[in-house]
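Secondary and tertiary structure notes
Each chain, letter by letter, is given below.
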Amino acid sequence: MRKGILFLLLLAASFLQAQERYYTDPLKVPLLLSGSFAELRSNHFHSGIDFKTQGVTGLPVYAIADGYVSRIAVSPTGYGNALYIDHPNGTTSVYGHLQSFSPEIRKYVKERQYENKSFRVDLTIPSYLFPVKQDQEIAKSGNSGSSGGPHLHFELRDTRSEEPLNPLEYGFSVVDNTPPKFFSLLVVPLSDTSQVDLQPASKSYPVVFSDGKYHLKNNPVKVYGEVGFAVQVNDYFDGTYNKCGIIKLSASINGETSFAFQLNRFSFDNSRYINSHIDYEEYQSSKRRFVKTWVDPGNLLPVYAYNLKQGIVEAGPGTHQVEIEIEDSYGNKAELAFKIEQKSAEIPLVNKNKVILMPYNRDNSFESEECELEIPKGALYKNLEFTYSTRPTTDAYSSDFQLVADKTVPLQTAATLRIKPRNLDEKLQSKAVVVNVDSDDGSPSAVGGNYKKGWIETDIRTLGTYALMVDTLAPEITPLSLENGALTESSRIRFKLNDDLSGIKSIDGYLDDKWALFEYDAKSGRITHYFDKERFELGKRHDFRLVVTDYRDNTSVYEASFWK
């Protein structure tokens, strides 16, 4: 019997070692991370890990295992140049923000771009077209798409479900002996009668580290009624100072676990639940992300375990011990310990006569003379005490400001918003656009919209302040490689684009009336055409035309003649 058990243990150990050896590293430099799996990002969990590339672009990127290229995507935003490789073990590796692909892949992509007359492509690749071997160079690292600096974004996915997996569980050469850190505790009242430190409002508490644990400077915390705890935390990796994320958390009250989560995989459909995973209201007000230790009833992210109160705490008489433990992908841990005690004060109730209750578990709607709103079931994470008001605007707008609740209310799925324009000429109906107005600095950002039966209608993903504007200005085109009708660069021609409101929809360049590919980097607003002797006759004077259109069909045309 013992021999049988020993055999099974050895077999399991050898299987785990084989799993660890299945992949090699995608870069052949010391692997340092600037981003971790499930790290907290705007409206999503980070779906991979970010490898540092020594501050430069152009490092060779290698296939981590045998397989075949299954997908290639090129975009001015998002992952930029991205490559997907399917492996025989049922996983897919993803390489994003690339500078360039290997020559044979680059040639194939360029042919498809010219065929589609589009820089942006998303190509499904037959399995026989680009087989790869482990450690084969497939690309160069870069800074394309929405990248904020040179690095390699790397993912592992379950091929069948396309769910991202935590790559740090698969044996890559990343060293981490650094535990995560607590920075602050947030205590949140969760009912009309709840109090924190004798007030009906959230309060944050700084922490100190001593005796191997984190503690509060002010202890115990006075609470009354239903409250929730949230923590501001970061993880760090050896050799870097980049702020990364935890993957595990557990909370206990008087030694009994009240809440826990583990984030080793998730689906892209669920990633937006991050706005309920954190205290979104606090994030909007302070720009600090606090991870909650309770679950909103409309949060369906399947990573939580909790007690009958979904992690919500209601302290009884006396003092109670609270402990919160966090953990990173390598098992490094940190703990915060503090006490709470039940105490309350008499506080006047807030008048809620103008509040409309919108339950999270049903469709909700609102109508006024200037605004209509439809919030579908499943969009709210918890019941909403909805408020609405208007404020006058300047002549730059075509409606009053519509204060639809406020920006601290996120939505899991889109709501439909309609705004009635004022004094809008029929010729300008197609130029009207809904804008979200920043409540801090008043700046507008375009959301979209179409004219329908006297209203401008669009989908929104957060509540807040909205209004209408009219976009009649065409994009600006500034040449960067032409001066006095002559090229200033030998191998390429570049331009900078700018649009004041609705954004760039299409870019079409023509060299001697033939469509010419321009690479587009949206974050810098720059486009580049590299002269291609295989597609264009060079060594002569060329007629050039560039057509740029925004999302309200305002078009700019730039024309030039030059020798190349």
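A short tour of the structure in this document, coming up. (Residues numbered from 1 in each chain as written. Predicted model: local features only at pLDDT ≥ 70, side-chain atom pairs only at ≥ 80, totals over all residues. Heavy atoms only, no water.)

**Some points on the sheet that holds strand 5 (residues 60-62)**
Going by this rule: Pairing between two strands requires that DSSP report at least two bridges joining them. Segments assigned H or I by DSSP are reported as helices when at least four residues long, segments assigned E as strands when at least two residues long, and all are numbered from the N terminus.
Read across the open sheet, the three strands follow the order 5-12-9; overall the sheet is antiparallel. Only two strands of the sheet have a single partner each, and these edge strands are strand 5 and strand 9 (100-101). As paired elements, strand 5 and strand 12 (residues 137-140) share three bridges and run antiparallel to each other. Among the inter-strand pairings, valine 61 is bridged to a residue of strand 12, identified as alanine 139.

**Description of the sheet that holds strand 46 (residues 519-521)**
Heads up, the condition is: Fitting a line to C-alpha atoms yields each axis, with helices limited to the stretch in contact; the angle taken between N-to-C directions then spans 0 to 180 degrees.
On the basis of which strands lie adjacent, the open sheet formed by four strands has the order 40-43-47-46 and antiparallel pairing. Here the strands that pair on one side only, and so sit at the sheet edges, are strand 40 (476-479) and strand 46. Strand-to-strand twist in this sheet, taken as the mean axis angle between neighbours without regard to direction, amounts to 25 degrees. Pairing between strand 40 and strand 43 (residues 492-498): four bridges, direction antiparallel. Each bridged residue has a counterpart across the sheet, and for isoleucine 477 the counterpart in strand 43 is leucine 497.

**So, the environment of phenylalanine 290**
As a reminder, the rule being used: With a 1.4 Å probe rolled over the protein chains alone, any residue whose accessible area is under 20% of its type maximum counts as buried; one over 50% counts as exposed, and the rest are partly exposed.
Inspection of the secondary structure assignment puts phenylalanine 290 in the loop between helix 4 (280-286) and strand 23 (291-292). A relative accessible area of 0% means that phenylalanine 290 is categorised as buried. Along the sequence, phenylalanine 290 and tyrosine 280 sit ten residues apart, while their C-alpha atoms lie 8.2 Å from each other.

**Examining the packing of aromatic side chains**
Any aromatic ring pair is given by two values, namely how distant the centres are and how the planes are angled relative to each other. Operational definition: The pairing test for Phe, Tyr and Trp rings, Trp by its six-membered ring, is centres within 6.5 Å, and the orientation test on the planes gives stacked under 30 degrees, edge-to-face over 60, and tilted for anything in between. For a Lys NZ or an Arg CZ to count as sitting over a ring, it must be within 6 Å of the ring centre and within 35 degrees of the ring normal.
Enumeration according to the criterion identifies 27 aromatic pairs in this entry. Note on tyrosine 114 and tryptophan 515: the rings are 5.3 Å apart at their centroids and 85 degrees apart in plane angle, and the pair reads as edge-to-face. In this pair, tyrosine 114 sits in helix 2 (residues 103-116) while tryptophan 515 sits in strand 45 (residues 514-516), placing the two residues 401 residues apart along the sequence. The pair formed by tyrosine 114 and tryptophan 515 is uniform in burial state, with each residue classed as buried. In this arrangement the basic side chain of lysine 28 is found over the ring face of tyrosine 62, its NZ or CZ atom lying 5.3 Å from the centre. The ring centre of tyrosine 283 lies 5.6 Å from the NZ or CZ of lysine 287, which sits over that ring.

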